[in-house]
Amino acid sequence: MNFEWSFFWGYLLRPSAVYLNGLWLTLSISVIAQGLGTLMGLFIALARMSRFRVLQVPARIYIWAFRGTPLLVQIVFIYTGLAAADIYRFEDINFGFATLPANMQAGILALTLNEAAYMAEIIRAGIASVNKGQTEASKSLGMTYPLFMRRIILPQAARVVVPPLGNEFNGMLKNTTLLSVIGVPELLLATQMVTSVTFRVFELYLVVACYYLTLTTLWGFVQQRLEARFGEPNAVTSRKRAPAGLRRLLGFGQPGELK
Amino acid sequence: MSDEHSASPAIVTARGVEKRFGELQVLKGIDLTVRKGEVVVIVGASGSGKTTFIRCINHLETIEKGRIEVNGHLIGYRERNGRLVEDSERNIARQRCEIGMVFQLFNLFPHLTALENVIEAPIHVRKIPREEAIRTGRALLARVGLAEKTNAYPSQLSGGQQQRVAIARALAMRPALMLFDEPTSALDPEMIGEVLDVMKELAREGMTMIVVSHEMGFAREVANRVIMMHDGRIVEDAPPERFFTAPAHERTAAFLSRVINKHP
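Residues numbered from 1 in each chain as written. Chains lettered and ligands numbered in written order. Predicted model: local features only at pLDDT ≥ 70, side-chain atom pairs only at ≥ 80, totals over all residues. Heavy atoms only, no water.

Overview of the environment of A:Ser129
All names here are of chain A.
Here is step 1 of the chain: When you line up the elements, Ser 129 lands in helix H5 (residues 102-129).
Here is step 2 of the chain: For Ser 129, a relative accessible area of 32% translates into the label partly exposed.
Here is step 3 of the chain: Sequence separation between Ser 129 and Ala 157 is 28 residues, and the spatial gap between their C-alpha atoms is 6.8 Å.
Here is step 4 of the chain: Side-chain polar atoms of Ser 129 contact the backbone oxygen of Gly 126, separated by 2.6 Å. (Helix = DSSP H or I, 4+ residues; strand = E, 2+ residues; numbered from the N terminus. Buried < 20%, exposed > 50% of the residue type's maximum accessible area, 1.4 Å probe, protein only. Polar contact = N/O pair within 3.5 Å; in protein donor to acceptor, adjacent residues only side chain to side chain.)

And the structure:
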C-alpha cells in the first residue's frame, strides 16, 4: 500500500492557502445560496398556495422544472449554456475591495434557483401544517394576509420548516462541489489542483472528506440549537408532554391534545 | 323582538341570506335583525346552518344571495352597478374590527402568551401604542379572571382559561358586536361555568351578542331572544320564556324535548 501519513496529517492540520480559500468559498457560497434560496422559496410557496391561478401555475411549473432536472445540468446550463447561445454572459463584477468572478455568480445563482424549488415545498408543508383556525382567528381580528402571515402563520410554520431546512443546508455544503465543473475554486477544485501537482489523490481526498465531515458535523450542532429554539413555543411545559416529534405529528396548539 | 331594545338601533341586519356548499344549500334565506344591547342565542341541530350563519356575519364565509349589514356597513361586499361584488381584503378587514368572534376551539395563537394574544391586533391593526395596549390588555385579562396568567402560553392554560383569553382578545378590539360559535362545546363540564359567567357579565354590561350554543340554561337566563334554526331557515324567534314554554313550531318542541331529556 502506498499511503503517506505525513502527507495526510500535514494537509489536514496545516492546510495551504488554496485549501483555506476553498473552504471559505464553500462556506460563503453555501450560506448565501441557502439564504437567497430560502427567501425565494418563501415567495414561491406563497404563490403556489395562492388562490389566483396566475401565481399558482408558474410556481408549480418552476418547482416541477427545478426539482426534476439535475443540479449539475442547471449549473452548466446557466453558466456555459446561456453564454454559448448568446443569451447571457456572466462578467466579473468589481466592487473595488473585491471582485466577484463570473463563474461564482453563475454558481450562486444556480444553487439559489435550485434550492428555492426545494425550500418552496418545505415552506408550503410548514404553512399547511398550521391549523386553519389560526387564519380564521387572525381574520376575525381584522388582520390582513401580509400581517397574519408574518406575525401568526410563519412563526408557527417555522417549527415544521427548521428541521428540513437544516438538512437542506447540510446538502448545500456538499452540493457546492458541483461548482468545480465551472471552475469555482471551492474545496473540491482546490483539492484537485493540489493533487494534480502532488499525485497524492488518496491522501488528499481523505483530507477533503474530513473537511466536509467537519463542516457538516459543526452544522449538526447549530441545527440542534435551532430546532430547540424554534421547535418549542414555550420550553416550560414541553418536558411534561409528548416528545416534540409526536406533538408535531399530532398538530400543536389544539385543546384536545394539550390537557 | 324584546321590548326593552325595540327602540335601539339595529347592529345586525340580515336579509334573505343564502349560502351553499357545492350542491348543499345550507342557508335558505335568513332574515334577522339584532339591536344594540340584545343577546340572541341561536339553537338548532347540527347541520341546521347556525354556525355557518354567524360565520357569514364577519365574512369568514361568502354568501350567494341577500345582504348582511353590521352597524350600517354592508359586510364583505360592495355594490357595483346594482350588483354585489366581493369587497377588497383591506375593507373586509376593517369591517371585521367591529365584530369580535369567539371560536369553539379557542384558536389562541400558541406561540404568544395570553397578554401577547390580547395585544396583537390592537397594536398591529388598530395601531394603538404598545404601552396603552398592554395596560388595556392586562385590564381585560383581569376582567375575565386571568390577571395572574398574563405571561402563560396557551398550552399552559386549561380549556376554560384559554376560552376566557380568547374572549379578552376579541374584546380588545372594542367591537360593537360579539359572535360566539359554540364557545363551551369543547370544554370539560367543570369549565363551562367560568366561561358562561364571563359571557353573562358581558351581556349585563350591554354588549350586543349572537351566541350559537347548546347551553339552554344560559339561553333561558341571559338571552333576550332565542332563535331556532332548522334546515337553513329560522323557524322560531321568541323571548326565552315563550321559547321554552310555548314554542310555536313543532320542530322547536321536538328539539327542546330532545335537549332537555339529554341535559335535565
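Considering the confidence of the model for chain A
Here is step 1 of the chain: Of the residues in chain A, 89% reach a pLDDT of 70 or more, and the chain-wide mean stands at 88.
Here is step 2 of the chain: This model gives residues 234-259 of chain A a pLDDT under 50, and the stretch forms 36 contacts once residues within four places in sequence are excluded. (pLDDT = per-residue confidence, 0-100. Contact = heavy atoms within 4.5 Å.)

Remarks on the state of the cysteines
Here is step 1 of the chain: Evaluated as defined, the whole model comprises zero disulfides over all chains.
Here is step 2 of the chain: No disulfide involves B:Cys56; its nearest neighbouring cysteine sulfur is the one of B:Cys97, lying 19 Å away. (Disulfide = S-S within 2.5 Å.)

Topic: the layout of surface pockets
Here is step 1 of the chain: By volume, the largest pocket amounts to about 1,200 Å³.
Here is step 2 of the chain: Together, 33 residues line the largest pocket, and A:Arg51, A:Thr135, A:Lys139, A:Tyr145 and A:Phe148 are the ones closest to its centre.
Here is step 3 of the chain: Counting residues per element, the ones that place at least two in the lining of the largest pocket are helix H2 (17-48), H5, helix H6 (132-140) and helix H7 (145-175) of chain A together with helix H2 (89-96) of chain B.
Here is step 4 of the chain: Residue composition of the lining of the largest pocket, grouped by class: 16 nonpolar, seven polar and 10 charged. (1 Å grid on protein atoms, 1.4 Å probe; cavity = no way out; pocket = protein on both sides within 12 Å on 5 of 7 lines; lining within 4 Å. Points joined across faces, edges and corners; volume = space filled by probe spheres on them. Nonpolar A, V, L, I, M, F, W, Y, C, P; charged D, E, K, R; others polar.)

Quick word on the interface of chain A and chain B
Here is step 1 of the chain: Listed by partner, the interface residues are 29 residues for chain A and 30 residues for chain B.
Here is step 2 of the chain: Each partner contributes to the roughly 2,600 Å² buried at the junction of chain A and chain B, and carbon and sulfur atoms together form 59% of this total.
Here is step 3 of the chain: Linking chain A to chain B there are two salt bridges.
Here is step 4 of the chain: Note that B:Glu120 is salt-bridged to A:Arg151, the shortest N-O span being 2.7 Å.
Here is step 5 of the chain: Counting the contacts that link chain A with chain B gives seven residue pairs in polar contact (both at pLDDT 80 or more).
Here is step 6 of the chain: Elements represented by at least two residues in the side of chain A that touches chain B include exactly H6, H7 and helix H10 (235-238) of chain A. (Buried area = accessible area lost by both parts, 1.4 Å probe. Salt bridge = Lys/Arg side-chain N within 4 Å of Asp/Glu carboxyl O.)

Points about a nonpolar patch on the surface
Residue and element names in this part refer to chain A.
Here is step 1 of the chain: A surface patch of nonpolar side chains, about 380 Å² in accessible area, is lined by Trp 5, Trp 9 and Leu 13.
Here is step 2 of the chain: Mapped onto the fold, Trp 9 is located in helix H1 (residues 5-13).
Here is step 3 of the chain: Under the relative-accessibility criterion, Trp 9 is labelled partly exposed at 42%. (Patch = residues over 30% accessible without salt bridge, like charges linked within 9 Å, V, L, I, M, F, W, Y side chains within 5 Å. Areas by Shrake-Rupley, 256 points an atom, 1.4 Å probe, with all protein chains shown as cover.)

Looking at the sheet that holds strand E4 (residues 65-70) of chain B
All names here are of chain B.
Here is step 1 of the chain: As summarised here, the arrangement of the four strands in space is E2-E1-E4-E5, forming an open sheet in which the pairing is antiparallel. A strand with exactly one partner marks an edge of an open sheet, and here the two such strands are strand E2 (24-35) and strand E5 (73-74).
Here is step 2 of the chain: By the bridge criterion, five bridges tie strand E1 (residues 10-21) to E4 in an arrangement that is antiparallel. Across the sheet, the residue bridging to Glu 18 is Lys 65, located in E4.
Here is step 3 of the chain: Against the sheet, helix H1 (residues 50-57) touches E1, E2 and E4, its axis set at about 60° to E2. (Pairing = 2+ DSSP bridges. Axes fitted to C-alpha atoms, helices over the stretch in contact; angles between N-to-C directions.)

Notes on the nonpolar core
Here is step 1 of the chain: Membership of the largest hydrophobic core comes to 55 residues, with the highest contact counts inside it found for B:Ile42, B:Phe53, B:Ile54, B:Leu177 and B:Ile210.
Here is step 2 of the chain: The greatest single-element share of this core, amounting to seven residues, is contributed by H7(A).
Here is step 3 of the chain: Non-local contacts of B:Phe53, meaning those with residues more than four positions away in its chain, are made with B:Ala14, B:Leu27, B:Ile30, B:Leu32, B:Ile42 and B:Met229.
Here is step 4 of the chain: Residues B:Leu115, B:Ala170, B:Ala219 and B:Phe255 belong to the second largest nonpolar core, which totals 52 residues. (Core = buried A, V, L, I, M, F, W, Y, C linked by side-chain atoms within 4.5 Å.)

Here's the deal with the pattern of salt bridges
All names here are of chain B.
Here is step 1 of the chain: What the rule picks out here adds up to 20 salt bridges over all chains.
Here is step 2 of the chain: Ionic pairing is found between Arg 225 and Glu 38, a salt bridge with its closest N-O pair at 3.1 Å. Separated by 187 residues along the polypeptide, Arg 225 in strand E11 (residues 225-230) and Glu 38 in the loop between E2 and strand E3 (39-43) bring together distant segments of the chain. Grouping residues by exposure puts Arg 225 and Glu 38 together as buried.
Here is step 3 of the chain: Glu 194 is the partner of Arg 164 in a salt bridge, and the nearest nitrogen-oxygen pair spans 2.9 Å.

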